[in-house]
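Descriptive analysis of the structure
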Amino acid sequence: MLAIDGGAPVRNRDWPRWPPAADDAQHALLREVVDGGDWGSTSGRRCDEFTSAFAARHGCAHGVAVANGTLALFAALHAVGVRPGDEVVVPGYTFVACASSVLLLGATPVIADVDPDHLHLTAATVEPALTARTRAVMAVHLAGSPAPMDELAALARRKGLAVVEDAAQAHGAGYRGRPVGCLGDVATFSFQSSKAMTAGEGGIVTTADGAVADAAWSVCNLGRVRGGAWYHHAELGWNLRMTELQAALLLPWLDRLDAEIDRREDFARRLSDSLAGLPVRVVADPAGTDRDTRHLLMLRLDEDVHKPWVVRAMAAEGVPVDAGYPGLGRLTPVAERAVVLPTPAVDRAGASVVWLRQNVLMAGPDGVRDVLAALERVLTDPRATSGTGGA
Ligand SMILES: *Cc1c(COP(=O)(O)O)cnc(C)c1O
């Protein structure tokens, strides 16, 4: 009997916790910062150290540490010259911050469709979204899977647009021999609690371009000029800085990021290899992917599967799957302010894609076994496909 009908659940143990408890290196550095009294980056050096190390890991000469990923996007968009009245093309299947960061600048998000197989923006989905006011394209490395940057960068170059990488979910990912974070004009990452590296909150802007880095630094530091006088404010800016305590949690994480990605990749491969015969498959990485962070594992249910019932039945089995994004155009406060293009592939993803969360992906082979057992149970039940699962 299924757990949703009162049977015993497939799994009655907890999944690994995310974020995990701090390790020894984090404890040591955190204690040093707390005891040293330099809690802010204006006097401490840990933010600078972390920024340099993280940027280098992602192939960039420059980084600017900020308070969170939403503000990192804001600073990055500002730094590549997006101004009020400009348009920024964003994918429809992503987190709300991709649109709200654009709106924070007084610019307009133009919500474009994604390719149906990988759920990324492509040159073909961006082209119809371009107007004379388009200033930038935001490529989102969704779930840790790099967007097809070659074709997006080529299109942007041809049209004179900036490319912003939203790598909030893609720490350590790689594409055609290079790390994400240095594949466009500027990139951003988030360190919010759910992400692959986290300090509870936090973000960073990375770029190979010194002028873009200076502009991002300035807008995050109240319009100051790097190296200039403390009370000289050359531009309008805000205080968007990260704290030293956040950097103390993040700096040691760089040493274990790759091992954690490997662990999730192993989970993804084992599960993907075992789904034959079930009406579900792993959303595949596009060509050119060297490394997927596996921040989430996106699963596509077959068209006739009743997703809301499956989500409820899986939760009852102790194997939570997330219903995922509804699509940016379905969020009223965004839709009221954005240009929303037809997005059939986004709509289909909203109706048929579910996610396994990062903590589940950290569970190892036992976790794979439980996910598979629950999927088998739930998806072979007639209610999964008969349409009688109820709303
Ligand atoms: C998490 C996330 C953000 C925003 O980061 P915060 O640190 O939560 O502000 C932006 N874009 C994507 C794709 C995200 O997943």
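Residues numbered from 1 in each chain as written. Predicted model: local features only at pLDDT ≥ 70, side-chain atom pairs only at ≥ 80, totals over all residues. Heavy atoms only, no water.

The chain is annotated in an unreviewed UniProt entry as DegT/DnrJ/EryC1/StrS family aminotransferase from Actinophytocola gossypii. Listed under Cofactor (unreviewed entry) in UniProt, the entry text for the chain is "pyridoxal 5'-phosphate". Looking at the Sequence similarities (unreviewed entry) heading of the UniProt record, one finds this comment for the chain: "Belongs to the DegT/DnrJ/EryC1 family." (UniProt positions renumbered as here; feature names shortened; annotations may be inferred.)

The next subject is the environment of arginine 337. As for its position among the elements, arginine 337 is in the loop between helix 11 (332–335) and strand 13 (339–340). Expressed as a C-alpha distance, the spacing of arginine 337 and valine 368, which sit 31 residues apart in the sequence, is 42 Å. Residue contacts for arginine 337: discarding those within four places in its chain leaves Leu103, Thr108 and Pro109. A distance of 2.7 Å separates a polar side-chain atom of arginine 337 from the backbone oxygen of proline 333. (Helix = DSSP H or I, 4+ residues; strand = E, 2+ residues; numbered from the N terminus. Contact = heavy atoms within 4.5 Å. Polar contact = N/O pair within 3.5 Å; in protein donor to acceptor, adjacent residues only side chain to side chain.)

Our next topic: the sheet that holds strand 10 (residues 280–282). What the 3 strands build is an open sheet, ordered 10-12-14; its pairing is antiparallel. Every other strand in the sheet has two partners, leaving strand 10 and strand 14 (353–356) as the edge strands with one partner each. Recorded for the sheet is a direction-independent mean angle of 30° between the axes of neighbouring strands. As paired elements, strand 10 and strand 12 (residues 297–301) share 3 bridges and run antiparallel to each other. Paired with valine 282 across the bridge in strand 12 is leucine 299. Running over the sheet, helix 12 (residues 344–352) touches strand 12 and strand 14 and is turned about 95° from strand 12. (Pairing = 2+ DSSP bridges. Axes fitted to C-alpha atoms, helices over the stretch in contact; angles between N-to-C directions.)

Per the domain assignment, the segments making up the chain are domain 1 (24–255) and domain 2 (257–386). Computed over C-alpha atoms, the centres of domain 1 and domain 2 are 26 Å apart. For the pair domain 1 and domain 2, the two sides together bury roughly 3600 Å², of which 60% comes from carbon and sulfur. At the junction of domain 1 and domain 2, the tally comes to 1 salt bridge. A salt bridge links aspartate 258 to arginine 57, with the shortest nitrogen-to-oxygen separation between them at 3.1 Å. Summed over the shared surface of domain 1 and domain 2, the number is 26 residue pairs in polar contact (both at pLDDT 80 or more). In terms of residue count, strand 3 (residues 108–112) provides more of the side of domain 1 that touches domain 2 than any other element does, 5 residues in total. Partitioned by chemical class, the residues of the side of domain 1 that touches domain 2 number 26 nonpolar, 13 polar and 8 charged. (Domains from an automatic or database assignment. Buried area = accessible area lost by both parts, 1.4 Å probe. Salt bridge = Lys/Arg side-chain N within 4 Å of Asp/Glu carboxyl O. Nonpolar A, V, L, I, M, F, W, Y, C, P; charged D, E, K, R; others polar.)

This brings us to the pairing of strand 14. Taking every second residue as pointing to the same face, both faces of strand 14 are buried, with Val353 and Trp355 on one and Val354 and Leu356 on the other. Relative to strand 14, strand 12 is paired through 4 bridges, and the arrangement is antiparallel. Directly across from leucine 299, in strand 14, lies its bridge partner valine 354. (Buried < 20%, exposed > 50% of the residue type's maximum accessible area, 1.4 Å probe, protein only.)

The final tally for this structure, using the stated rule, is 8 aromatic pairs. Aromatic side chains tryptophan 18 and tryptophan 253 sit 5.8 Å apart centroid to centroid with 55° between the ring planes, which places their arrangement in the tilted category. Of the two residues, tryptophan 18 sits in the segment before helix 1 (24–36) while tryptophan 253 sits in the loop between helix 8 (244–250) and helix 9 (257–272), which places them 235 residues apart along the sequence. Across the pair, tryptophan 253 and tryptophan 18 agree in class, each one buried. Summarising the aromatic geometry, the rings of tyrosine 325 and tryptophan 355 are spaced 4.6 Å apart at their centres and angled 80° between planes, so their arrangement reads as edge-to-face. Here tyrosine 325, found in the loop between helix 10 (307–316) and helix 11, pairs with tryptophan 355, found in strand 14; they are 30 residues apart in sequence, far enough to count as distant. Looking at tyrosine 325, the relative accessible area reads 10%, which means it is buried. For tryptophan 355, a relative accessible area of 5% translates into the label buried. By way of ring pairs, the aromatic residues Phe50, Phe54, Phe189 and Phe191 are connected into one cluster. One residue, arginine 224, lies across the ring of tryptophan 230, its end atom 3.4 Å from the ring centre. (Phe/Tyr/Trp six-rings, centres within 6.5 Å; stacked < 30°, edge-to-face > 60°. Lys NZ or Arg CZ within 6 Å of the ring centre and 35° of its normal.)

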